[in-house]
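Listed below are the residues making up each chain.
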Amino acid sequence: MGLLSEGLTQVVIPLAAVVGPGFALLQWFLVSKVKVSGGHGERNGFKDKLIGDEEEGVSSVEVTIKCAEIQHAISIGATSFLFTQYRYLSIFVGVFSTIIFLFLGSVKGFSTKSEACTYNTGNMCKPALANAFFSTIAFLLGAFTSVLSGFLGMKIATYANARTTLEARRGVGKAFIAAFRSGAVMGFLLAANGLLVLYITINLFKLYYGDDWEGLYESITGYGLGGSSMALFGRVGGGIYTKAADVGADLVGKVERNIPEDDPRNPAVTADNVGDNVGDIAGMGSDLFGSYAESSCAALFVASISSFGIGHDYTAMSYPLIISSMGIVVCLITTLFATNPFEIRKVSEIEPALKRQLVISTVLMTVGIAVVTFVALPSEFTLFSFGTNKAVKNWYLFFCVAIGLWAGLVIGYTTEYYTSNAYSPVQDVADSCRTGAATNVIFGLALGYKSVIIPVFAIAFAIYVSFSLAAMHGIAAAALGMLSTISTGLAIDAYGPISDNAGGIAEMAGMSHEIRERTDALDAAGNTTAAIGKGFAIGSAALVSLALFGAYVSRAGIETVDVLTPKVFIGLLVGAMLPYWFSALTMKSVGSAALKMVEEVRRQFNTIPGLMEGTAKPDYATCVKISTDASLKEMIPPGALVMLTPLIAGTSFGAETLAGILAGSLVSGVQIAISAFNTGGAWDNAKKYIEAGASEHAKSLGPKGSEPHKAAVIGDTIGDPLKDTSGPSLNILIKLMAVESVVFAPFFAAHGGLLFKWL
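Parameters at a glance
Residues numbered from 1 in each chain as written. Predicted model: local features only at pLDDT ≥ 70, side-chain atom pairs only at ≥ 80, totals over all residues. Heavy atoms only, no water. Core = buried A, V, L, I, M, F, W, Y, C linked by side-chain atoms within 4.5 Å. Buried < 20%, exposed > 50% of the residue type's maximum accessible area, 1.4 Å probe, protein only. Salt bridge = Lys/Arg side-chain N within 4 Å of Asp/Glu carboxyl O. Helix = DSSP H or I, 4+ residues; strand = E, 2+ residues; numbered from the N terminus. Phe/Tyr/Trp six-rings, centres within 6.5 Å; stacked < 30°, edge-to-face > 60°. Lys NZ or Arg CZ within 6 Å of the ring centre and 35° of its normal. Axes fitted to C-alpha atoms, helices over the stretch in contact; angles between N-to-C directions. Left-handed = near helix turned anticlockwise from the far one by under 90°. Contact = heavy atoms within 4.5 Å. Nonpolar A, V, L, I, M, F, W, Y, C, P; charged D, E, K, R; others polar. Polar contact = N/O pair within 3.5 Å; in protein donor to acceptor, adjacent residues only side chain to side chain. Patch = residues over 30% accessible without salt bridge, like charges linked within 9 Å, V, L, I, M, F, W, Y side chains within 5 Å. Areas by Shrake-Rupley, 256 points an atom, 1.4 Å probe, with all protein chains shown as cover. Expected span 1.5 Å × (residues − 1). Bend = angle between axes of the 7 residues up to and from the residue.

A. Expanded view of the nonpolar core. Counting 223 residues, the largest nonpolar core has Phe-96, Phe-176, Ile-220, Tyr-319, Ile-350, Tyr-495 and Tyr-552 as its most contacted members. Counting residues in hydrophobic clusters, the runner-up holds 18 residues, among them Tyr-418, Val-426, Ala-682 and Ala-712.

B. Region of interest: the pattern of salt bridges. Under the definition given, this model contains 26 salt bridges. For Asp-716, the salt bridge goes to Lys-687, with nearest N and O atoms at 2.9 Å. In this pair, Asp-716 is assigned in helix 22 (residues 707-751) and Lys-687 in helix 20 (residues 655-692), connecting sequence segments 29 residues apart. Across this residue pair, the class does not change: Asp-716 and Lys-687 are buried. Three or more residues are tied together by salt bridges with common partners; here these are Lys-243, Asp-246, Asp-523, Asp-684, Lys-687, Lys-688, Asp-716, Asp-720, Lys-723 and Asp-724.

C. A look at unusual backbone geometry. One non-glycine residue, Asn-258, adopts positive backbone phi at about 55°. In this structure, Asn-258 sits in the loop between helix 5 (213-256) and helix 6 (269-304). Judged by its relative accessible area of 48%, Asn-258 falls in the partly exposed class. The phi torsion at His-312 lies on the positive side, around 55°, for a residue other than glycine. Examined against the element boundaries, His-312 turns out to sit in the loop between helix 7 (307-310) and helix 8 (314-317).

D. Representation of the packing of aromatic side chains. One pass over the full model with this rule turns up 28 aromatic pairs. Ring geometry for Phe-96 versus Phe-744: centroids 6.0 Å apart, planes at 85°, classification edge-to-face. In this pair, Phe-96 sits in helix 2 (residues 61-105) while Phe-744 sits in helix 22, placing the two residues 648 residues apart along the sequence. In this structure Phe-96 comes out as buried when scored by relative accessible area, which is 4%. Ring centres 5.2 Å apart and planes at 85° place the aromatic pair Phe-133 and Phe-134 in the edge-to-face group. By relative accessible area, which is 43% here, Phe-133 ends up partly exposed. What links up through ring pairs into an aromatic cluster is the set Phe-92, Phe-96, Phe-103, Phe-139, Phe-233, Phe-744, Phe-747 and Phe-748. Across from the ring centre of Tyr-208, 4.9 Å away, lies the NZ or CZ of Lys-126, which sits over that ring.

E. Local environment of the packing of helix 6 against helix 16 (residues 513-556). Helix 16 packs onto helix 6 with a crossing angle of 35° between their chain directions and a minimal axis gap of 9 Å. Two packed elements cross with a definite hand, and for helix 6 against helix 16 that hand is left-handed. The residues of helix 16 that touch helix 6, namely those facing Leu-288, Ser-291, Glu-294, Ser-295, Ala-298, Phe-301 and Val-302, are Ala-537, Ser-540, Val-544, Ala-547, Leu-548, Ala-551 and Arg-555. In terms of residue class, the contact of helix 6 with helix 16 is built from 9 nonpolar, 3 polar and 2 charged.

F. Representation of the side chain of Asn-161. Its place among the elements puts Asn-161 in helix 3 (residues 128-168). Given a relative accessible area of 0%, Asn-161 falls into the buried group. A polar atom in the side chain of Asn-161 sits 3.0 Å from the side chain of Asn-501. Contact partners of Asn-161, with chain neighbours within four places excluded, come to Gln-71, Ile-74, Ile-498, Asn-501, Ala-502 and Ile-505.

G. Representation of the packing of helix 2 against helix 5 in the model. Contact geometry for helix 2 and helix 5: axes closest at 11 Å, N-to-C directions at 145°. Along this stretch, helix 2 crosses helix 5, giving a crossing that reads as right-handed. When helix 2 is examined against helix 5, the residues Phe-81, Gln-85, Leu-89, Phe-92, Val-93, Phe-96 and Ile-100 are found in contact with a partner set consisting of Leu-225, Ser-229, Met-230, Phe-233, Gly-234, Gly-237, Gly-238 and Tyr-241. For the contact of helix 2 with helix 5, the residue count by class is 10 nonpolar, 5 polar and no charged.

H. Molecular detail of a nonpolar patch on the surface. A contiguous nonpolar surface patch, about 690 Å² in accessible area, is contributed by Val-563, Leu-564, Phe-569, Leu-573, Val-574, Met-577 and Trp-581. Among the secondary structure elements, Val-563 is positioned in the loop between helix 16 and helix 17 (566-607). The partly exposed category is assigned to Val-563, whose relative accessible area is 41%.

I. Molecular detail of the environment of Ser-424. Considering the arrangement of structural elements, one finds Ser-424 in helix 12 (residues 424-432). A relative accessible area of 37% means that Ser-424 is categorised as partly exposed.

J. Looking closely at helix 19 (residues 636-653). Between its first and last C-alpha, helix 19 extends 24 Å over 18 residues, near the 26 Å set by a 1.5 Å rise per residue. Of all the bends in helix 19, the largest measures some 40° and sits at Leu-644, one to four residues before the proline Pro-646. What helix 19 keeps buried is the set Pro-638, Gly-639, Leu-641, Val-642, Met-643, Thr-645, Pro-646, Leu-647, Ala-649, Gly-650 and Thr-651. Gly-654 occupies a position one or two residues after helix 19 and carries a positive phi of about 100°.

Here's what the structure looks like:
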């Protein structure tokens, strides 16, 4: 037994889960202090209006009222889209929860009799029908928490975007603090919600399961499935929405009409700003919640079939939850370093301030992991490893979690090197624009492929060391380590879209060029940090998927996965192909929606008299409707591909073939995802490098409207669906297929392989 008692564990976890929202509310209160000084601006469902105090006469009351109106329109558009999307998803949740119950219930013919435990031999466990029921409940809870995480994030972002714009009048430091604090609200709410719901669910399920911890933690895996399935549709639907609008706005506005980004004359600009919230905020929030839920469920399940579960050591079993609790406390301390000791005064200080967050949180968390490991775990214990018991010391697990944490930092910094315009890779891409869009595309693709090397080595190293030390539990612990600072990661990630929206509002409200330069600087730093966030997401997805793969193999009763057997090898081939199929579906969806958007924007410019002159108002609503309709329609095929593949493969070809599919999709999905979002991020920042003109080299490629700039815009437009739709969605594909396979493993083991049985 560890030093931490069960009673104290029952206090520590919920306490951290309450501290998180408390700190988030404090940050929200500080952001909300941008006060009213007159006017009659729109409200955003809150008591105070958005009109900020005048600062050096930079902006009039009329302009600040305009900021409030634009912010209100963005909030209404985002809320409307999410509610429509959630109505569609409620049907899916109802159908899929029924499938979970029927498939798992049929494993033992819907028997209500207790049965012998699989791993804790000699003991009796609850009937399979109970596992079916509780897995279904866990799935519903996971889906609800994921949806709530995305929705809260969106509401916070739309509350903060105009405030960030207004604060930019007082200086770039004030705007940075407003955007970062708003991101922190989302980060702490999501981490705390995920932890609290999982903790409560486990304790409620224990009332029925009692000493049957094997069945309890098997049913908890449904929580991860619910979270990730909602994340898939949120990421894909939101990604299609935002990129259809973004591509339409850029191609017609910046390339054809030579007007600035977010110019109010552009009919697609409101849809673009709405898309930032539904794709990059709501979708990303659901995605990282899904990663957190799955890594926790994988670690809990693997632990439940080891000495922790068999010996009923509650504190050791709760190790993943205590790590997450420590993460909230560490991130809380880290956030204070970004907003309190000093204020940013120059644009060049923004990106270092954000990156410092990653370093500080990683260093502090390493100490936190050591403390948690030595107080929560016994000095020696055994872990289940593919049919054998592996003797492990507690400091082994410390190294597993720590190596995952530091591997995440390596991936983050590598991603930053390849996507920030402060370094040579992106500057080379920008320079290639001198000879047109074709060379820009070639250089960008080469950069993306090259950027895969170091992250893959980092993931491989983390896997080897953690598996050697603590088998599959070690890999699950490494994934937990990478996600332990999720609150800080989300704060940095959400900061980007908030800053992007702030810039759009400044442009649409007609604020001064100086204000737009400040918001552009915030946005450029946000682009790089968003890429870092996506690097963390795919790195953790690889580790989570491998941990879930181990859980699946154990739960399905597969002794070895032999790639030389035909059943497994065909699965490997098909699995490696799935990320390509998925990417094709999502890319084509963005292309189809963007095509309609481009035609609509062109139509309005050609048929509305006075639109280019600024004397007539564009029809924003039609563009919003095009993005909404396209995203809701086009998210179904990619979602169906991911959700149906494990069910069809496991039922038709059996558990071994499905194991091959999971391995194949993991191996190819990681490479494609890293390449896709790094290529897209590099193209985006190459365009911003030319637009900013901060160096002599950049000035030689500009200004806006020059031929190199137009080539950069085309590259950015191609990269948009790569970095914001296909790339980020791929990490959900590999996680979701793995966790779905874990949930349905007993059914596949009992009734799978129908096709091979007939042949």
